[in-house]
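The chain contents come next:
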Amino acid sequence: MMNRREFCKKTMIVAGGLVIPLAALEVFNPKRLQAEKGGSDDKGNVRWVFLVDIHKCVGCGFCVKACKVENEVPYDANVTRTWVERYIVTKDGQTAIDSPKGARDGFTTQKIDQGHLGDKEIDPASIAKAFFVPKLCNQCDNPACVQVCPVGATYQTGDGIVLVDRSWCIGCGYCVMGCPYGVRFFHPVYHVAEKCNFCYHRITKGMKPACVDACPFGARKIGNIRDPEDPVTRIIASEQVNVLKEEFGTKPQVFYLGLSREVK
Amino acid sequence: MARALVVPEDFGVYERGYMYGWHRKSNEAEWKNVRVKYKTARICAGCHKDKHDELIKSVHAAISCENCHGPNYDHPEDPLGMNIDRSRKLCIRCHSYLPYKGTLRGGIPGIDPEKHYPSAECVLCHIPHDPKAMNQKREVRS
C-alpha cells in the first residue's frame, strides 16, 4: 500500500519526466537563440529614418508621381505608396482635409475634394492656416503590420526597412488593417500587400528615394540615425521634431518639422 | 518532412529578431534588384551641360530634369521614359494660385487656371528653363 508521501514523490517524478522529453525534442539552433536575445549584439551601423519639413511642402505632388513610376505602382489606379494631404483650418475652428488621387497631380484648385460629397468651396478670408503634409511608411521600430502577418511574408531588415515578400504573401490583408497610418494597400497587379520601402533599391545603392530626388523644395530628406554626423540625425537630435500617432507605441521613424495638432 | 518541401531553405529569423525578423532572406536581394528609373539631374548634366548651366541660373534650378522630361531609365540606349511633359497640368502643380498666406505655396507666382488663357499651353508664352512673368516668346520675336 502506497502512503501519501510516496504518492506525492512519484507524481513529481512522473510529471518531471514528462516535461524533460518535450524540451529535449526542440533542436538547438544557435541562430534562433541569438535572434531571440534581440540581436542587440550585432546592430548594424545603418538605420534609415526620414525627415519631412511641412513648412517647405507646397503640394506640387512631384513626389507622388515619381514614386508611382519608380516603384511600378499602376499610375491611374487610386493607390499610392506616398501621398500628400492638404489641411485647411478655418477661423471657426473647422478643419478641411483632402488628397485628390493622393496628390499625384498636385493641388491645382482651391476647392476641397470631398469624394462622393462633391467639392467644397472655402472662402479665402476665412482661412486661419493651411499646409500640406506628405505621408509615407514610418518604418516603425515596432511595426504592427509585421507582427500581425500570419505567414512571415512581411518583415523588417537589419537597417530598419519593412519589406513584403511578394511570393510569400497570401493576401489576407491583416497588415493593411494593422497599420495605424493607412500606408498599406493591395497591389493591383500582384494582388499582394504593397507599401513604401524608402525605395530600398535606391538607398542600398547610395542613392536617395525617388520622392526625395523629385522634391524641388527640400521638404523630404532621408538619413541614417546611427550616424551622428548625418545632417538629418543632427536635425532630429537638435530641433523640434514630432512623429505621427506616438500613442500607438509603434515608434515611427518618419519625423516631421512643423507638425500641427490637426494632422491625423 | 513536409516543411522541408514547402518552406524555402533561407526562411528563418534574421536581424530584427523573433518578432519582426522572420523572412526569406533572398527576398531582400529581390527588392534591391528593382530597376532604377529616375537617375537624377546629376546624370543629365554629364551630356546636357548647356541645358544644365542654363537651368541652374534660373528660379527653376531646384526642379529635377526628370520631373518634366520623364524618368531616365537607360537613356540614351533605352529611351523608354523620356517623354517631355509640356502640359498645363504639370505647370499648375505649383503655379495654380492658392490663397494660403504666409506659406511657401502662397508666395509662388500663381494664376487661376480657369481664367488665365484656359485653352493655351503655358510653354506657348513661357520658357520653363528660364521663366519670367511676361510673354517671353513674344519678347524674343520683337
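This structure is a prediction, so every number in the text was calculated from the model and none was measured. (Residues numbered from 1 in each chain as written. Chains lettered and ligands numbered in written order. Predicted model: local features only at pLDDT ≥ 70, side-chain atom pairs only at ≥ 80, totals over all residues.)

Peer 1: Any chance you could explain the sheet that holds strand S1 (residues 48-53) of chain A here in plain terms?
Peer 2: The strands that make up a sheet are held in pairs by hydrogen bonds between backbone atoms, and each pair lies either parallel or antiparallel. Residue and element names in this part refer to chain A. Taking strand neighbours across the sheet as the criterion, the four strands line up as S11-S1-S13-S12 in an open arrangement whose pairing is mixed. Of all the strands in the sheet, just strand S11 (220-224) and strand S12 (241-242) have a single pairing partner and so form its edges. Examined bridge by bridge, S1 and S11 share five bridges and lie antiparallel to one another. The partner of Val52 across the bridge, within S11, is Arg220. Here helix H8 (residues 231-238) sits on the sheet in contact with S1, S11, S12 and strand S13 (254-257), set at roughly 95° to S11. (Pairing = 2+ DSSP bridges. Helix = DSSP H or I, 4+ residues; strand = E, 2+ residues; numbered from the N terminus. Contact = placed C-beta atoms within 7 Å. Axes fitted to C-alpha atoms, helices over the stretch in contact; angles between N-to-C directions.)

Peer 1: Explain the sheet that holds strand S3 (residues 95-98) of chain A to me, please; I cannot follow it from the model alone.
Peer 2: All names here are of chain A. The three strands are arranged S3-S2-S6 in an open sheet whose pairing can be described as antiparallel. Pairing within the sheet leaves two strands with one partner each, and these edge strands are S3 and strand S6 (127-135). Strand-to-strand twist of the sheet, defined as the mean angle between neighbouring strand axes without regard to direction, takes the value 15°. Bridge count between strand S2 (residues 83-90) and S3: four bridges; the pairing is antiparallel. Considered in S3, the bridge of Ile88 is made with Ala96.

Peer 1: Could you clarify how one ought to interpret the pairing of S13 of chain A in this entry?
Peer 2: Residues and elements named next belong to chain A. Pairing of S1 with S13, which is carried by four bridges, proceeds in the parallel orientation. Considered in S13, the bridge of Phe50 is made with Val254. When S12 meets S13, the two strands line up antiparallel, connected through two bridges. If you follow Asn242 over to S13, its bridge partner there is Tyr256.

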